[in-house]
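Residue-level structure breakdown
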Amino acid sequence: MEFAELIKTPRVDNVVLHRPFYPAVEGTLCLTGHHLILSSRQDNTEELWLLHSNIDAIDKRFVGSLGTIIIKCKDFRIIQLDIPGMEECLNIASSIEALSTLDSITLMYPFFYRPMFEVIEDGWHSFLPEQEFELYSSATSEWRLSYVNKEFAVCPSYPPIVTVPKSIDDEALRKVATFRHGGRFPVLSYYHKKNGMVIMRSGQPLTGTNGRRCKEDEKLINATLRAGKRGYIIDTRSLNVAQQARAKGGGFEQEAHYPQWRRIHKSIERYHILQESLIKLVEACNDQTHNMDRWLSKLEASNWLTHIKEILTAACLAAQCIDREGASILIHGTEGTDSTLQVTSLAQIILEPRSRTIRGFEALIEREWLQAGHPFQQRCAQSAYCNTKQKWEAPVFLLFLDCVWQILRQFPCSFEFNENFLIMLFEHAYASQFGTFLGNNESERCKLKLQQKTMSLWSWVNQPGELSKFTNPLFEANNLVIWPSVAPQSLPLWEGI
Amino acid sequence: MEHIRTPKVENVRLVDRVSPKKAALGTLYLTATHVIFVENSPDTRKETWILHSQISTIEKQATTATGCPLLIRCKNFQIIQLIIPQERDCHDVYISLIRLARPVKYEELYCFSFNPMLDKEEREQGWVLIDLSEEYKRMGLPNHHWQLSDVNRDYRVCDSYPTELYVPKSATAHIIVGSSKFRSRRRFPVLSYYYKDNHASICRSSQPLSGFSARCLEDEQMLQAIRKANPGSDFVYVVDTRPKLNAMANRAAGKGYENEDNYSNIKFQFIGIENIHVMRNSLQKMLEVCELKSPSMSDFLWGLENSGWLRHIKAIMDAGIFIAKAVSEEGASVLVHCSDGWDRTAQVCSVASLLLDPHYRTLKGFMVLIEKDWISFGHKFNHRYGNLDGDPKEISPVIDQFIECVWQLMEQFPCAFEFNERFLIHIQHHIYSCQFGNFLCNSQKERRELKIQERTYSLWAHLWKNRADYLNPLFRADHSQTQGTLHLPTAPCNFMYKFWSGMYNRFEKGMQPRQSVTDYLMAVKEETQQLEEELEALEERLEKIQKVQLNCTKVKSKQSEPSKHSGFSTSDNSIANTPQDYSGNTKSFPSRSPSQGDEDSALILTQDNLKSSDPDLSANSDQESGVEDLSCRSPSGGEHAPSEDSGKDRDSDEAVFLTA
């Protein structure tokens, strides 16, 4: 398929661009395979380059022969284009519509993007699991790297290399994988050097209604406990939801079979509930009627801040277990690819000073989101303006970033990066020239040969010139555990987004 | 002293608001001016001081097995819960405090006994620090349109106005007196702010006594005079800050608003700001929300919205923005009034002035603004903030709202204000504390009669002395955005107005950001300054050494080359040594506490604050302070191994997270 077929009108003159808080710009509109470009064709004036993949929804309306296209972007921007001529307008609108909903990943911009900068360090190799493992292998010999998932045969959403207890062999891992949702057997997520406690994550156990058990699974997670110690299992679903999951073959760890573990349920919402929350939030933010009353009730109705509070509370609880109680924890929800990752990664932000540096945070995203198989492709397919609600779209990653921002606001001097860094990550997760956030897991990324065919976001970000934009001038390394407040008074809305 | 039934109670527990299971055991003292709680724990001996004048309400709750709880709510939004073992003691404390918190004579207030160890001269200097006649001169007055009128000499015309008043030159004494008879409480139109750039002005008054049909020629002439004083515009805005319904209701009582048919060339405008009773209830509702123990997000947002507080803040801001625009963009003069012209009018005039004039956004300028629009124009501080026992219906957070408006603006324009949040909070504190004489009484006349300036000290001098603590490190006087009028975005978004937890939850330390950017930047700034001084000193020294060297070489150069060389090397050494001395300085530096060296200071809201201000600055304390808020377990709790018992404990300990 050629892009040219989809572009009915490549160029229109005298188009007027309206953006909130900017003066209107008149210029020439061009459509390319991946971009919508508006240039005023004068020197020193900025041009608008918009990736088609950033477009969430478009509306068109006509007043006489003047057509107006309103483009709503995934990064919540709304821009308006006034196009003279009805036919041009219709052509442009249908071209944009087609180009922004390409269904083949290999037609996306990252596969065509050629970097204009010199690659100093290839981001695809910046954060290798082996290197990450070395960081704590000096402190403990109880863990090992396992290559059991080399061909993605054991668990399709796991990376080829995972960290597991040394005493458990690959054969046992294969058995455990059959007992966990999606083959996601418990793996190491974080090792707390201070006291040797760990965070593990997994999918739900497939106990079903008749209470199946798996000796290897019990052995695996018990292997992480020191003699006489107890651990905690944090289930990110409410007890009710977890019980219902049994009917579908899922379930939770029975206390009788895991006597050394105590289970805590911390309900975190998922999927379309989050998506609806985002839709309502953005709608409230865009409401132009200046009515204070309605704003607060709309904010409340969106429940966005409630979700933030739930996630942060669960993460604080996890960090508390590790650092204060000196107990290891296992975190899972249903699949272990969404709320589980929010909790494990936020707990690390709280516990581990390294994850509050730029490189450490990048490593965290690489490890806990990309490698861990958060389905970015599915979750970030649409944003707040889209009406076609798919079950798998959800702003899980955005919520995580918002939580990080909340902690950053409370500890403004403890982070090496600033708000812009978080916003940049959000934008690239939804639409990017880089291949980093394409695909749903490592297996898909391998099949797409992303490493060979696209650029890594990290290659671009980690250039000194770019990094300066994202550095927090107030940063002073804080080697301590930071304990954020979760009271509603402490959690404002993130205006940057 | 005769009101104190029991000066000392032992074994009292001070309950921690965030984690009620944790309570500090100590001794409670009642003094003539303060309630003091001293912790028993020998290593801390933490002290909490509360001024009697800060006490808003005292509530004796039902006796429990542990003792008799006493809840003290303060006007600065601190909440103290004490548990007193003996019912009888509790009753005595309760009765004493009820009396102590409601003084009936001005002489009982703290400012008459407060002595900051300043001599008479220093005190007098303190009172002249803020000089309103200087301020009018700064505005460019008097000029050929405006003059100083002595019509209110000895408060003959209006007893709630000051003696120094600026009126249009064409307004004769006859017009003024005539107009004053047609205005509520004789508060006739006078100048509040003069905008030099285009001669437009903001004037203020009370409502006219128009009833349904009454009119007054002199009052109409007065408004004409205001219009003529601004040759650039052919009309005057008359802004009534009340909701239209309220203004119409006033007509039935013989008051009301200007009839556009009677006054030539006016544009009349209502701006619906609610009255003091609505505001009082709104604050009450919001504080109830703040007091909730571990509320859910919806509880909080719903409660906040239901209180209407932010809506009222927005209404005041909108009025200020309207006036600032009329003055700066349309070049029109504005007359502002409400009912009596001392609450909403003061709020709106001062917000508009703050938007228009960068001077009011400096430390001293802000003091001048409060002195002018609030103190001198007879805002009834005594009634509104309940300094003396009075009618509870008169109490209302009028100036609190103005201070919050300033904070909201500071959030929008972080570089436009010379002062920081702490400055606002301390001003709010002292409006209620009665430690300084500035905010006593209801008018200038009363203050003169009471000889306030001879008997008490001025807050402004005190704040000025400690101004280093109140500076905003981000302030840029030369930035294009901060010069002239502040321009808010044309379509103000609703999320512009935020809940100010720094004010209303300021005593719940756990909820505040743990690291202060302001303090950090101030520290960096100070450090830079020290380094620069150091550099200067070193350069001077280097110059001297080189001079000496030069002399030496002149003498010695022909004798031997090597000696010259060694001479230089010594000077090198001395330079290399100095930075090491310095590193000692820098080390001690980041832990500088904002209120250190401030022993006599009134700024120390409580002793507790003085001590805990240190941790705020240094990141090291995060661990302690943070953990205490998250878990209620005793400090040793974190260490013990999770045995069966500790598993049980967890339930209660984690209450904060689990129930949330």
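Note that this is a predicted model, so its numbers are computed, not measured.

1. Let's talk about the overall build of chain A
Counting its regular elements, chain A contains 18 helices and 14 strands. Relative to a compact globule of 497 residues, whose C-alpha radius of gyration would be 23 Å, chain A shows 24 Å and is just as compact. Taking all 497 residues of chain A together, the buried fraction comes to 62%. Accessible surface for chain A amounts to roughly 19100 Å². Of this, 51% is attributable to carbon and sulfur atoms.

2. Some words on empty space enclosed by the protein
Leftover empty space is mapped by rolling, across the atoms, a probe with the size of a water molecule. All names here are of chain A. For the structure shown, the criterion picks out seven cavities of 30 Å³ or more. When its volume is computed, the largest cavity comes out at roughly 250 Å³. Around the largest cavity, the lining comprises 21 residues; the ones closest to its centre are P129, I161, V162, T163 and R367. Residue assignment for the lining of the largest cavity shows that the elements contributing at least two residues are α3 (129–137), β9 (162–165), β10 (187–192) and α11 (358–371). No other element matches α11, which puts five residues into the lining of the largest cavity. Class assignment of the residues belonging to the lining of the largest cavity gives a composition of 13 nonpolar, three polar and five charged.

3. Overview of α11 of chain A
It helps to recall that an α-helix has 3.6 residues per turn; residues three or four apart then point in one direction. All names here are of chain A. With 14 residues, α11 should reach 20 Å at 1.5 Å per residue; the first-to-last C-alpha distance of 18 Å fits that figure. The N-cap residue of α11 is T357: its side-chain oxygen and the backbone nitrogen of G360 are 3.0 Å apart. Just beyond α11, the residue with positive phi is G373, at close to 85°.

4. Points about the confidence of the model for chain B
All names here are of chain B. With 78% of its residues at a pLDDT of at least 70, chain B reaches an overall mean of 79. Confidence, expressed as mean pLDDT per element, reaches its minimum in chain B at helix α20 (residues 561–588) with 33 and its maximum at strand β14 (residues 333–337) with 95. For this predicted complex, the interface score ipTM comes out at 0.80, while the overall pTM is 0.81.

5. Re a negative patch on the surface
On the surface, a cluster of negative charge is made up of E532, E533, E536, E539, E540 and E543 of chain B. By the secondary structure assignment, E532 of chain B is in helix α19 (residues 517–556).

6. Examining helix α8 (residues 297–307) of chain B
Buried within α8 of chain B we find M297, F300, L301, G303, L304, E305 and S307 of chain B. Positioned one or two residues after α8 of chain B, G308 of chain B has a phi angle of 75°, which is positive.

7. Section: the confidence of the model for chain A
Looking at chain A as a whole, its pLDDT mean stands at 81, while 90% of the residues score no less than 70. Predicted confidence for residues 485–491 of chain A stays below pLDDT 50, and this span has 35 contacts to residues more than four positions away or in other chains.

8. Let's talk about the UniProt feature "active site" (unreviewed entry) in chain B
Residues and elements named next belong to chain B. The positions UniProt marks with the feature "active site" (unreviewed entry) are C338. Position of C338 among the secondary structure elements: in the loop between β14 and α10 (344–356). Using a relative accessible area of 3% as the deciding quantity, one classes C338 as buried. Sequence-distant contacts of C338, defined by excluding residues within four places in its chain, comprise S205, S206, Q207, D240, T241, R242, D343, R344 and T345.

9. Focus: the nonpolar core
The tendency in soluble globular proteins is for nonpolar side chains to be buried side by side. Of all hydrophobic cores here, the largest spans 210 residues; its most connected members are F361 and L425 of chain A together with F366, I370, F402, F417 and W460 of chain B. At 13 residues, the largest contribution of residues to this core is made by helix α9 (residues 304–325) of chain A. Residue contacts for I370 of chain B: discarding those within four places in its chain leaves I375, I399, F402, I427, F439 and W460 of chain B. Y136, I168, A177 and V187 of chain A belong to the second-largest nonpolar core, a separate cluster that totals 31 residues.

10. Quick notes on the packing of α9 of chain A against helix α13 (residues 396–410) of chain A
Residue and element names in this part refer to chain A. Following both chains from N to C, one finds α9 and α13 inclined at 75°, their axes separated by 10 Å at the closest point. The orientation of α9 with respect to α13, classified from their angle, is roughly perpendicular. Contacts between α9 and α13 involve W304, L305, H307, I308, I311 and L312 from the former and L398, L399, D402, C403, Q406 and I407 from the latter. Taken together, the residues of the contact of α9 with α13 sort by class into nine nonpolar, two polar and one charged.

11. Overview of the sheet that holds β14 of chain B
Hydrogen bonds between backbone groups are what pair the strands of a sheet, and the pairing can be parallel or antiparallel. All names here are of chain B. Taken in spatial order, the five strands make up an open sheet running β10-β11-β14-β12-β13, and their pairing is mixed. What marks the edges here is a single partner per strand, and that holds for β10 (190–195) and β13 (266–270). The mean angle between the axes of side-by-side strands here comes to 20°, regardless of whether they run parallel or antiparallel. In the sheet, strand β12 (residues 236–240) pairs with β13 via five bridges, with the strands oriented parallel. Among the inter-strand pairings, V239 is bridged to a residue of β13, identified as Q269.

12. Focus: a nonpolar patch on the surface
Together, F62, M86 and L90 of chain A make up an exposed nonpolar region whose accessible area comes to about 240 Å². With respect to the secondary-structure elements, M86 of chain A resides in helix α2 (residues 86–100).

13. Description of the domain arrangement of chain B
How big an interface is tends to be stated in terms of the accessible area lost upon association of its parts. All names here are of chain B. The assigned domain composition of chain B is domain 1 (8–102) and domain 2 (120–485 + 496–521). Once you take the C-alpha centre of each, domain 1 and domain 2 turn out to be 36 Å apart. The interface of domain 1 with domain 2 comprises 12 residues on the first partner and 20 residues on the second. Considering only the surface of domain 1 that becomes buried against domain 2, R17, K75 and F77 emerge as the three largest contributors, covering 44% of it. A salt bridge links R73 to E291; its shortest N-O distance comes to 2.6 Å. Residue composition of the side of domain 1 that touches domain 2, by class: four nonpolar, four polar and four charged.

14. A few points about the environment of V25 of chain A
Residues and elements named next belong to chain A. In this structure, V25 sits in strand β2 (residues 25–31). Taking relative accessible area as the criterion, V25 reaches 19% and is therefore assigned buried. If we skip the residues at most four places from it in the chain, V25 touches V15, V16, L17, R19, L38 and S40.

15. Details of the pairing of β10 of chain A
All names here are of chain A. Taking burial as the measure, the six residues of β10 include six buried ones, the bulk of the element. Relative to strand β11 (residues 197–201), β10 runs antiparallel, the two being bridged by five bridges. Each residue of the ladder has a partner; that of V187, found in β11, is R201. In this antiparallel pair of consecutive strands, β10 and β11, the connection spans four residues, and G196 shows a positive phi of 75°.

16. Quick notes on the packing of aromatic side chains
Centre-to-centre distance and the angle between the planes together describe a pair of aromatic rings. Within this structure, the stated rule accounts for 41 aromatic pairs over all chains. Taking the centre distance of 5.2 Å and the plane angle of 40° together, the rings of F417 of chain A and F421 of chain A count as tilted. By relative accessible area, F417 of chain A is classed as buried at 0%. Taking the relative accessible area as the measure of exposure, F421 of chain A reaches 0% and is therefore buried. Between F114 of chain B and Y457 of chain B, the aromatic rings sit 6.4 Å apart at their centres with planes inclined by 85°, giving edge-to-face as the arrangement. Within this pair, whereas F114 of chain B is found in the loop between α1 (87–100) and α2 (120–128), its partner Y457 of chain B is found in the loop between α16 (452–455) and α17 (459–465), the two being separated by 343 residues in sequence. Both residues of the pair, F114 of chain B and Y457 of chain B, count as buried. Joined through ring pairs, the aromatic side chains of F361, W369, F376, F397, F400, F415, F417, F421, F437 and F470 of chain A make up one cluster. The cationic tip of R123 of chain B hangs over the ring face of Y457 of chain B; the distance from NZ or CZ to the ring centre is 5.5 Å. The ring of W464 of chain B has R467 of chain B lying over it, and the distance from NZ or CZ to the ring centre is 4.3 Å.

17. Side note on the pattern of salt bridges
Pairing between side chains becomes possible if they bear opposite charge and their charged atoms approach one another. All names here are of chain A. As enumerated under the stated definition, the model contains 41 salt bridges over all chains in all. Notably, a salt bridge pairs D323 with K194, separated by 2.9 Å at the nearest N-O pair. One end of the pair, D323, is in helix α9; the other, K194, is in the loop between β10 and β11, with 129 residues separating them in the sequence. On the accessibility criterion, D323 (7% relative accessible area) is buried.

18. Some remarks on the pairing of β11 of chain A
Residue and element names in this part refer to chain A. Counting buried positions along β11 gives five out of five residues, so the element sits mostly inside the fold. Taken together, the three bridges between β11 and strand β14 (residues 329–332) define a ladder with parallel strand orientation. Across the sheet, the residue bridging to M200 is L330, located in β14.

19. Comments concerning the environment of K169 of chain B
Residues and elements named next belong to chain B. Mapped onto the secondary structure, K169 falls in the loop between β9 (165–168) and α4 (173–181). Sequence spacing of K169 and R448 is 279 residues, and the spatial spacing of their C-alpha atoms is 28 Å. What K169 contacts, discounting residues up to four positions off in sequence, is N143, H144, H145, W146 and Q147.

20. Looking at the packing of helix α9 (residues 309–328) of chain B against helix α13 (residues 398–412) of chain B
All names here are of chain B. Two elements in contact, α9 and α13, have axes separated by 10 Å at closest approach and are oriented at 80°. Looking at the two axes, α9 sits roughly perpendicular to α13. Side by side, α9 and α13 meet where W309, L310, H312, I313, I316 and M317 of the first sit next to Q401, E404, C405, Q408 and L409 of the second. Residues of the contact of α9 with α13, tallied by class, amount to seven nonpolar, three polar and one charged.

Reading guide: rules and limits
- Residue numbers here run from 1 along each chain, matching the order of that chain's written sequence.
- Naming scheme: in the order in which they are written, chains are lettered from A and ligands are numbered from 1.
- Reporting of local features is limited, given that this is a predicted model, to residues whose pLDDT is at least 70; pairs of side-chain atoms are given and counted only at 80 or more, and all residues count toward the totals for whole chains, interfaces and linings.
- Neither water nor hydrogens contribute to the side-chain values; these are computed over all heavy atoms in the structure.
- Elements are defined by DSSP. Helices are runs of H or I of four residues or more, strands are runs of E of two residues or more, and each kind is numbered from the N terminus.
- C-alpha atoms define the radius of gyration in this analysis, and the globule rule sets the expected value at 2.2 Å times the number of residues to the power 0.38.
- Any residue under 20% of the maximum accessible area for its type is buried, any over 50% is exposed, and the rest in between are partly exposed; the area is computed with a 1.4 Å probe on protein chains only.
- In this description, accessible areas are obtained by the Shrake-Rupley approach with a 1.4 Å probe, and a residue is regarded as covered only by the protein chains that are shown.
- A pocket here means an open set of points on a 1 Å grid, computed over the protein atoms alone, that has protein on both sides within 12 Å along at least five of seven lines. A cavity is instead a set of points where a 1.4 Å probe fits but cannot get out; residues with an atom within 4 Å of a point line either one.
- Grid points are joined across faces, edges and corners, and a volume is the space filled by probe spheres set on the points.
- When residue character is reported, Ala, Val, Leu, Ile, Met, Phe, Trp, Tyr, Cys and Pro are called nonpolar, Asp, Glu, Lys and Arg charged, and the others, Gly included, polar.
- Each helix should span, by expectation, one fewer than its residue count multiplied by 1.5 Å.
- Contacts described as polar in this section are N or O atom pairs within 3.5 Å, which, within protein, must combine one atom able to donate a hydrogen with one able to accept it, while residues neighboring in sequence count only if both atoms come from side chains.
- pLDDT is defined as a per-residue confidence score from the predictor, taking values between 0 and 100.
- Note that patches include only residues with greater than 30% relative accessible area and no salt bridge, and the join distances are 9 Å for like charges and 5 Å for nonpolar side chains (Val, Leu, Ile, Met, Phe, Trp, Tyr).
- In the sections that follow, a salt bridge refers to a side-chain nitrogen of Lys or Arg positioned within 4 Å of a carboxyl oxygen of Asp or Glu.
- Counted as positive: Lys and Arg. Counted as negative: Asp and Glu. His and the chain ends are not counted at all.
- Charged groups are reduced to one reference atom each: NZ for lysine, CZ for arginine, CG for aspartic acid, CD for glutamic acid.
- Whether two residues are in contact is decided by their heavy atoms, any of which lying within 4.5 Å being enough.
- UniProt positions are given in the numbering used here, feature names are shortened, and annotations may be inferred rather than shown by experiment.
- Nonpolar core, defined: a set of buried Ala, Val, Leu, Ile, Met, Phe, Trp, Tyr and Cys residues in which side-chain atoms within 4.5 Å join the residues together.
- Between N-to-C directions, angles cover 0 to 180 degrees, with each direction set by a line fitted to C-alpha atoms, over the stretch in contact for helices.
- Each angle receives one of four descriptions, namely roughly parallel if under 35 degrees, roughly antiparallel if over 145, roughly perpendicular if within 65 to 115, and oblique otherwise.
- Any two strands with at least two DSSP bridges between them are considered paired.
- Domain delimitation follows an automatic or database domain assignment.
- Joining two parts hides part of their accessible area as seen by a 1.4 Å probe, and the buried area is that hidden amount summed over both.
- Only the six-membered ring of Trp is used, alongside the rings of Phe and Tyr, when aromatic pairs are assigned; centres must lie within 6.5 Å, and planes under 30 degrees apart are stacked while those over 60 apart are edge-to-face, with the rest tilted.
- Put simply, a charge is over a ring when the Lys NZ or the Arg CZ is close to the ring centre, within 6 Å, and near the line of the ring normal, within 35 degrees.

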